[in-house]
Amino acid sequence: MIINPYIYATSSYSYLLDTYTGSTAAYSLRKLRSEYSGYAIRVRRSSDNTSQDIGFVDNELDTSSLLSFVGGGSGYVSIWYDQTTSGNNLVQVTLTKQPTIVSSGTLITQNGKSSLYFSSNLLQATRVFSTSNFSVFSTLSGNSGQSNASFLCQHGGGVDVNRTVFISPSGSSPHDKLVTFFNNGTSYSITSSNVVFDNTFKLINITSDGSGNTNQYVNSTAEGSLTGQTWSPFNTSLSMGALGNSTAYYTGYTNELICYTTNQNTNRSGIESNIKTFYGI
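Let me sum up the structure you'll find in this document. (Residues numbered from 1 in each chain as written. Predicted model: local features only at pLDDT ≥ 70, side-chain atom pairs only at ≥ 80, totals over all residues. Heavy atoms only, no water.)

## Remarks on the overall build of the protein
Next up, step 1: The helix and strand tally for the protein stands at 3 helices and 24 strands.
Next up, step 2: Its C-alpha atoms give the protein principal-axis dimensions of roughly 70 × 55 × 35 Å.
Next up, step 3: Residues classed as buried in the protein amount to 51% of the 281 residues present.
Next up, step 4: When the accessible surface of the protein is summed, it comes to about 11700 Å², and 44% of that surface belongs to carbon and sulfur atoms.
Next up, step 5: Positive and negative side-chain charges in the protein, numbering 14 and 15 respectively, have mean positions lying 4 Å apart. (Helix = DSSP H or I, 4+ residues; strand = E, 2+ residues; numbered from the N terminus. Buried < 20%, exposed > 50% of the residue type's maximum accessible area, 1.4 Å probe, protein only. Areas by Shrake-Rupley, 256 points an atom, 1.4 Å probe, with all protein chains shown as cover. Lys, Arg positive; Asp, Glu negative; His and termini not counted. Charge placed at Lys NZ, Arg CZ, Asp CG, Glu CD.)

## Describing the side chain of Glu 272
Next up, step 1: Within the secondary structure, Glu 272 is located in helix α3 (residues 268-279).
Next up, step 2: In this structure, Glu 272 is in contact with Phe 137, Leu 203, Asn 205, Tyr 217 and Ser 220, ignoring residues within four places of it in sequence. (Contact = heavy atoms within 4.5 Å.)

## Side note on helix α2 (residues 63-70)
Next up, step 1: When α2 is considered as a whole, its buried residues turn out to be Leu 66, Phe 69 and Val 70. The arc that holds the buried residues of α2, viewed along the axis, is 90°, so those residues lie on one side. Of the residues in α2, the exposed ones pointing more than 90 degrees away from the buried face are Ser 64 and Ser 68.
Next up, step 2: Of the residues one or two after α2, Gly 71 is the one with positive phi, at around 70°. (Arc of directions from axis to C-beta.)

## Some points on the pattern of salt bridges
Next up, step 1: Using the criterion set out here, one finds 6 salt bridges in the structure.
Next up, step 2: Among the salt bridges present, the one from Arg 42 reaches Asp 53, with a minimum N-O distance of 2.9 Å. Note that Arg 42 is positioned in strand β2 (residues 41-45) and Asp 53 in strand β3 (residues 51-54), a separation of 11 residues in sequence.
Next up, step 3: With a relative accessible area of 31%, Arg 42 lands in the partly exposed category.
Next up, step 4: Residue classification places Asp 53 among the partly exposed residues on the basis of a relative accessible area of 24%.
Next up, step 5: Notably, a salt bridge pairs Arg 268 with Glu 272, separated by 2.9 Å at the nearest N-O pair. Of the two residues, Arg 268 and Glu 272 are both situated in helix α3; the distance of 4 residues between them amounts to about one turn of the helix. Each member of the pair, Arg 268 as well as Glu 272, carries the same accessibility label: buried. (Salt bridge = Lys/Arg side-chain N within 4 Å of Asp/Glu carboxyl O.)

## Some words on the packing of aromatic side chains
Next up, step 1: Scanning the entire structure with this criterion turns up 16 aromatic pairs.
Next up, step 2: Look at Phe 278 and Tyr 279: their rings are 4.8 Å apart centre to centre, the planes differ by 85°, and that puts the pair in the edge-to-face class.
Next up, step 3: A connected cluster of aromatic rings, assembled from ring pairs, spans Tyr 13, Tyr 15, Phe 201, Phe 278 and Tyr 279.
Next up, step 4: Positioned above the aromatic ring of Phe 278 is the side chain of Arg 30, whose terminal nitrogen or guanidinium carbon lies 4.7 Å from the ring centre.
Next up, step 5: Across from the ring centre of Tyr 217, 3.7 Å away, lies the NZ or CZ of Arg 268, which sits over that ring. (Phe/Tyr/Trp six-rings, centres within 6.5 Å; stacked < 30°, edge-to-face > 60°. Lys NZ or Arg CZ within 6 Å of the ring centre and 35° of its normal.)

## Let's talk about the nonpolar core
Next up, step 1: In terms of nonpolar packing, the biggest core is built from 49 residues, with Ile 41, Trp 80, Ile 101 and Ile 167 touching the most fellow members.
Next up, step 2: One finds Phe 137, Leu 203, Ile 258 and Ile 275 within the second-largest nonpolar core, a separate group that totals 14 residues. (Core = buried A, V, L, I, M, F, W, Y, C linked by side-chain atoms within 4.5 Å.)

## Observations concerning the environment of Ser 37
Next up, step 1: Inspection of the secondary structure puts Ser 37 in the loop between β1 (25-28) and β2.
Next up, step 2: Since its relative accessible area comes to 73%, Ser 37 is described here as exposed.
Next up, step 3: Counting along the chain gives 68 residues from Ser 37 to Gly 105, while the straight-line C-alpha distance between them is 27 Å.

## Focus on α3
Next up, step 1: The end-to-end C-alpha distance of α3 is 17 Å, a good match for the 16 Å that 12 residues give at a rise of 1.5 Å each.
Next up, step 2: Buried within α3 we find Arg 268, Ile 271, Glu 272, Asn 274, Ile 275, Phe 278 and Tyr 279. Burial along α3 is one-sided: seen end-on, the buried residues are contained in an arc of 155°. The exposed residues of α3 that point more than 90 degrees off its buried face are Ser 269 and Thr 277. (Expected span 1.5 Å × (residues − 1).)

## Comments concerning the side chain of Arg 268
Next up, step 1: Under the relative-accessibility criterion, Arg 268 is labelled buried at 15%.
Next up, step 2: What Arg 268 contacts, discounting residues up to four positions off in sequence, is Phe 137, Asn 205, Tyr 217 and Ser 220.

## Some remarks on unusual backbone geometry
Next up, step 1: Between Ser 173 and Pro 174 the backbone carries a cis peptide bond, its omega angle lying at 10°.
Next up, step 2: Inspection of the secondary structure assignment puts Pro 174 in the loop between β16 (163-169) and β17 (177-183).
Next up, step 3: Residue Asp 58 is not a glycine yet carries a positive backbone phi of 55°.
Next up, step 4: Mapped onto the fold, Asp 58 is located in the loop between β4 (56-57) and β5 (60-61).
Next up, step 5: We classify Asp 58 as exposed; its relative accessible area is 69%.
Next up, step 6: The backbone of Ala 248 sits at a positive phi, close to 55°, despite the residue not being glycine.
Next up, step 7: Note that Ala 248 resides in the loop between β22 (238-240) and β23 (251-254).
Next up, step 8: Residue Ala 248 is classed as buried on the basis of its relative accessible area, which comes to 8%.

See below:
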(Lines give C-alpha, C1' and ligand atoms only; values in the text may rest on other atoms or scores of the structure.)
Protein backbone atom coordinates (compact mmCIF):
# COMPACT_ATOMS: atom_id res chain seq x y z
CA MET A 1 0.00 0.00 0.00
CA ILE A 2 1.32 3.45 -0.93
CA ILE A 3 0.93 6.10 1.74
CA ASN A 4 0.67 9.67 0.56
CA PRO A 5 3.54 11.54 2.24
CA TYR A 6 1.79 14.90 2.00
CA ILE A 7 -0.36 16.16 4.82
CA TYR A 8 -3.01 18.69 3.94
CA ALA A 9 -3.97 20.87 6.89
CA THR A 10 -6.92 23.23 6.95
CA SER A 11 -6.33 26.80 8.01
CA SER A 12 -6.79 27.50 11.69
CA TYR A 13 -7.66 31.14 11.03
CA SER A 14 -11.02 32.05 12.54
CA TYR A 15 -13.07 34.85 10.95
CA LEU A 16 -14.54 36.58 13.97
CA LEU A 17 -17.61 37.99 12.23
CA ASP A 18 -18.46 34.60 10.66
CA THR A 19 -18.84 33.11 14.13
CA TYR A 20 -20.19 36.13 15.99
CA THR A 21 -22.55 37.71 13.48
CA GLY A 22 -24.59 40.89 13.69
CA SER A 23 -21.85 43.50 14.01
CA THR A 24 -22.99 46.89 12.74
CA ALA A 25 -19.49 48.33 12.29
CA ALA A 26 -16.12 46.57 12.26
CA TYR A 27 -12.69 48.00 11.51
CA SER A 28 -9.49 45.98 11.57
CA LEU A 29 -6.07 45.46 10.03
CA ARG A 30 -6.94 41.79 9.66
CA LYS A 31 -9.82 40.24 7.74
CA LEU A 32 -12.84 39.71 9.98
CA ARG A 33 -15.38 38.20 7.58
CA SER A 34 -14.74 35.51 4.97
CA GLU A 35 -17.12 37.09 2.44
CA TYR A 36 -15.63 40.56 2.79
CA SER A 37 -13.98 41.42 -0.53
CA GLY A 38 -12.98 45.02 0.13
CA TYR A 39 -9.85 46.74 1.36
CA ALA A 40 -8.53 47.29 4.87
CA ILE A 41 -7.46 50.93 4.65
CA ARG A 42 -6.77 53.77 2.25
CA VAL A 43 -3.31 55.25 2.78
CA ARG A 44 -1.85 58.62 1.77
CA ARG A 45 1.91 58.78 1.37
CA SER A 46 3.84 61.85 2.49
CA SER A 47 6.10 62.09 -0.56
CA ASP A 48 3.41 63.35 -2.95
CA ASN A 49 0.09 62.96 -1.08
CA THR A 50 -1.02 60.21 -3.45
CA SER A 51 -3.47 57.72 -1.91
CA GLN A 52 -3.91 54.00 -2.46
CA ASP A 53 -6.19 51.29 -1.07
CA ILE A 54 -4.40 48.47 0.77
CA GLY A 55 -6.02 45.07 1.13
CA PHE A 56 -5.17 41.75 2.75
CA VAL A 57 -2.78 38.87 2.18
CA ASP A 58 -3.43 35.65 4.11
CA ASN A 59 -6.11 37.51 6.09
CA GLU A 60 -3.72 40.19 7.37
CA LEU A 61 -2.87 43.67 6.10
CA ASP A 62 -0.82 43.54 2.90
CA THR A 63 2.21 45.19 4.44
CA SER A 64 4.44 44.49 1.43
CA SER A 65 2.19 46.52 -0.85
CA LEU A 66 1.82 49.16 1.84
CA LEU A 67 5.56 49.64 2.38
CA SER A 68 6.26 49.54 -1.35
CA PHE A 69 3.69 52.26 -1.95
CA VAL A 70 4.80 54.53 0.91
CA GLY A 71 8.54 54.15 0.31
CA GLY A 72 10.92 55.92 2.66
CA GLY A 73 8.37 58.49 3.80
CA SER A 74 5.34 58.16 6.06
CA GLY A 75 1.87 56.78 5.42
CA TYR A 76 -1.37 58.13 6.85
CA VAL A 77 -4.81 56.50 6.97
CA SER A 78 -7.60 58.49 5.33
CA ILE A 79 -10.18 55.67 5.33
CA TRP A 80 -10.53 52.66 7.62
CA TYR A 81 -13.02 50.46 5.83
CA ASP A 82 -16.02 48.93 7.58
CA GLN A 83 -15.95 45.16 7.04
CA THR A 84 -19.65 44.67 7.77
CA THR A 85 -22.32 45.12 5.11
CA SER A 86 -23.13 48.59 6.48
CA GLY A 87 -20.30 50.36 4.65
CA ASN A 88 -19.95 52.85 7.51
CA ASN A 89 -16.28 53.69 7.00
CA LEU A 90 -14.13 55.70 9.39
CA VAL A 91 -12.89 58.66 7.36
CA GLN A 92 -10.61 61.69 7.64
CA VAL A 93 -10.12 64.13 4.75
CA THR A 94 -8.04 66.69 6.66
CA LEU A 95 -4.42 65.65 6.07
CA THR A 96 -3.07 66.75 9.44
CA LYS A 97 -5.70 64.73 11.30
CA GLN A 98 -5.00 61.38 9.63
CA PRO A 99 -3.44 58.72 11.92
CA THR A 100 -0.11 57.15 10.98
CA ILE A 101 0.46 53.58 9.75
CA VAL A 102 4.03 53.96 8.41
CA SER A 103 6.64 56.26 9.94
CA SER A 104 9.71 57.14 7.86
CA GLY A 105 9.47 53.90 5.93
CA THR A 106 8.86 51.71 8.99
CA LEU A 107 5.58 49.91 9.65
CA ILE A 108 3.97 50.85 12.96
CA THR A 109 3.22 47.75 15.06
CA GLN A 110 2.03 46.65 18.47
CA ASN A 111 2.72 43.07 19.62
CA GLY A 112 4.08 42.45 16.14
CA LYS A 113 0.78 43.41 14.44
CA SER A 114 0.17 46.39 12.16
CA SER A 115 -1.30 49.32 14.09
CA LEU A 116 -2.58 52.85 13.64
CA TYR A 117 -0.97 55.54 15.74
CA PHE A 118 -3.04 58.52 16.92
CA SER A 119 -1.66 61.85 18.14
CA SER A 120 -3.90 64.86 17.42
CA ASN A 121 -5.62 62.62 14.87
CA LEU A 122 -9.23 61.63 14.28
CA LEU A 123 -11.34 59.25 12.21
CA GLN A 124 -15.13 59.58 12.00
CA ALA A 125 -18.06 57.48 10.80
CA THR A 126 -21.78 58.16 10.82
CA ARG A 127 -23.84 57.19 13.83
CA VAL A 128 -23.32 53.60 15.00
CA PHE A 129 -25.10 53.39 18.37
CA SER A 130 -28.79 54.28 18.44
CA THR A 131 -29.82 52.69 21.76
CA SER A 132 -28.15 51.83 25.04
CA ASN A 133 -28.14 48.17 23.99
CA PHE A 134 -24.62 47.75 22.60
CA SER A 135 -21.21 46.09 22.81
CA VAL A 136 -17.79 47.49 21.91
CA PHE A 137 -14.58 45.46 21.53
CA SER A 138 -11.30 47.21 20.78
CA THR A 139 -7.56 46.86 21.08
CA LEU A 140 -5.57 49.82 22.32
CA SER A 141 -2.23 50.85 23.73
CA GLY A 142 -2.69 54.29 25.21
CA ASN A 143 0.09 56.55 26.42
CA SER A 144 0.27 57.07 30.15
CA GLY A 145 -0.43 60.45 31.71
CA GLN A 146 -2.69 61.83 28.96
CA SER A 147 -5.51 64.02 30.26
CA ASN A 148 -8.67 65.38 28.64
CA ALA A 149 -8.51 62.64 26.00
CA SER A 150 -11.15 60.51 24.28
CA PHE A 151 -10.43 57.27 22.43
CA LEU A 152 -13.96 56.59 21.16
CA CYS A 153 -17.21 58.50 21.43
CA GLN A 154 -20.48 59.69 19.93
CA HIS A 155 -20.58 63.41 20.45
CA GLY A 156 -23.22 66.02 19.74
CA GLY A 157 -21.72 69.28 20.89
CA GLY A 158 -19.36 71.13 23.16
CA VAL A 159 -21.12 70.42 26.45
CA ASP A 160 -21.59 67.24 28.45
CA VAL A 161 -25.34 67.07 27.91
CA ASN A 162 -24.75 66.48 24.20
CA ARG A 163 -22.27 63.64 24.27
CA THR A 164 -21.86 59.98 25.00
CA VAL A 165 -18.22 59.03 25.53
CA PHE A 166 -17.49 55.33 25.51
CA ILE A 167 -13.78 55.08 26.17
CA SER A 168 -11.36 57.60 27.66
CA PRO A 169 -8.57 57.93 30.25
CA SER A 170 -9.70 58.89 33.73
CA GLY A 171 -9.99 62.56 34.57
CA SER A 172 -8.06 62.31 37.83
CA SER A 173 -4.27 62.41 37.82
CA PRO A 174 -2.36 60.38 36.68
CA HIS A 175 -5.16 59.88 34.09
CA ASP A 176 -4.26 56.22 33.56
CA LYS A 177 -7.50 54.34 34.24
CA LEU A 178 -10.27 53.45 31.80
CA VAL A 179 -13.54 55.37 31.98
CA THR A 180 -16.85 54.61 30.28
CA PHE A 181 -18.87 57.81 30.44
CA PHE A 182 -22.46 58.52 29.46
CA ASN A 183 -24.29 61.83 29.55
CA ASN A 184 -27.69 62.83 28.23
CA GLY A 185 -28.83 65.13 31.00
CA THR A 186 -27.33 63.14 33.85
CA SER A 187 -23.76 61.88 33.98
CA TYR A 188 -22.95 58.21 34.57
CA SER A 189 -19.48 56.71 34.52
CA ILE A 190 -17.47 53.58 35.23
CA THR A 191 -13.81 53.84 36.21
CA SER A 192 -11.48 50.85 36.17
CA SER A 193 -9.78 49.79 39.38
CA ASN A 194 -6.52 49.09 37.59
CA VAL A 195 -4.27 51.09 35.28
CA VAL A 196 -5.13 50.75 31.57
CA PHE A 197 -3.36 53.65 29.84
CA ASP A 198 0.23 52.63 30.52
CA ASN A 199 1.79 52.13 27.06
CA THR A 200 0.94 48.41 26.99
CA PHE A 201 -1.33 46.60 24.55
CA LYS A 202 -4.80 45.69 25.86
CA LEU A 203 -8.26 44.51 24.85
CA ILE A 204 -11.21 46.47 26.19
CA ASN A 205 -14.90 45.59 26.10
CA ILE A 206 -17.94 47.67 27.07
CA THR A 207 -21.27 45.83 27.10
CA SER A 208 -24.71 47.25 27.92
CA ASP A 209 -28.00 45.35 28.02
CA GLY A 210 -30.34 48.23 27.15
CA SER A 211 -31.82 48.28 30.65
CA GLY A 212 -29.16 50.47 32.20
CA ASN A 213 -26.79 47.65 33.14
CA THR A 214 -23.34 48.27 31.73
CA ASN A 215 -20.12 46.35 32.28
CA GLN A 216 -16.51 47.22 31.49
CA TYR A 217 -13.77 44.63 30.92
CA VAL A 218 -10.02 44.87 30.32
CA ASN A 219 -8.24 41.75 29.05
CA SER A 220 -11.38 39.77 30.00
CA THR A 221 -11.25 40.96 33.61
CA ALA A 222 -14.22 42.90 35.00
CA GLU A 223 -13.32 46.52 35.65
CA GLY A 224 -16.48 48.10 37.00
CA SER A 225 -20.20 48.26 36.21
CA LEU A 226 -23.34 50.39 36.30
CA THR A 227 -26.74 49.05 37.32
CA GLY A 228 -30.11 50.48 36.38
CA GLN A 229 -28.81 53.67 34.77
CA THR A 230 -30.58 54.15 31.44
CA TRP A 231 -29.48 56.56 28.73
CA SER A 232 -29.93 57.20 25.00
CA PRO A 233 -27.08 57.87 22.54
CA PHE A 234 -27.45 61.01 20.47
CA ASN A 235 -27.82 60.98 16.70
CA THR A 236 -24.24 62.06 16.10
CA SER A 237 -21.10 60.77 14.43
CA LEU A 238 -18.81 58.12 15.86
CA SER A 239 -15.37 59.57 16.56
CA MET A 240 -12.14 57.66 17.11
CA GLY A 241 -9.17 59.57 18.47
CA ALA A 242 -10.86 62.68 19.83
CA LEU A 243 -13.98 64.14 21.42
CA GLY A 244 -16.23 65.35 18.63
CA ASN A 245 -14.06 66.70 15.85
CA SER A 246 -11.63 69.06 17.49
CA THR A 247 -10.76 68.43 21.15
CA ALA A 248 -9.47 65.90 23.69
CA TYR A 249 -7.13 64.03 21.35
CA TYR A 250 -6.09 60.48 22.26
CA THR A 251 -2.43 59.49 22.05
CA GLY A 252 -1.72 55.84 21.38
CA TYR A 253 -2.37 52.85 19.14
CA THR A 254 -5.20 50.64 17.95
CA ASN A 255 -5.71 48.01 15.27
CA GLU A 256 -9.27 46.77 15.75
CA LEU A 257 -12.72 48.06 16.70
CA ILE A 258 -15.86 45.92 16.55
CA CYS A 259 -19.28 47.36 17.38
CA TYR A 260 -22.62 45.66 17.97
CA THR A 261 -25.97 47.33 18.63
CA THR A 262 -26.92 44.30 20.68
CA ASN A 263 -25.75 43.03 24.04
CA GLN A 264 -23.04 40.46 23.32
CA ASN A 265 -22.52 39.38 26.91
CA THR A 266 -23.24 35.72 26.13
CA ASN A 267 -20.64 35.83 23.32
CA ARG A 268 -18.17 38.05 25.15
CA SER A 269 -15.70 35.37 26.17
CA GLY A 270 -15.62 33.88 22.67
CA ILE A 271 -15.11 37.24 20.97
CA GLU A 272 -12.43 38.21 23.45
CA SER A 273 -10.66 34.88 23.00
CA ASN A 274 -10.57 35.35 19.22
CA ILE A 275 -9.07 38.84 19.52
CA LYS A 276 -6.60 37.94 22.26
CA THR A 277 -5.37 34.88 20.41
CA PHE A 278 -4.72 36.76 17.18
CA TYR A 279 -2.99 39.73 18.79
CA GLY A 280 -1.13 37.83 21.49
CA ILE A 281 -2.80 39.70 24.33
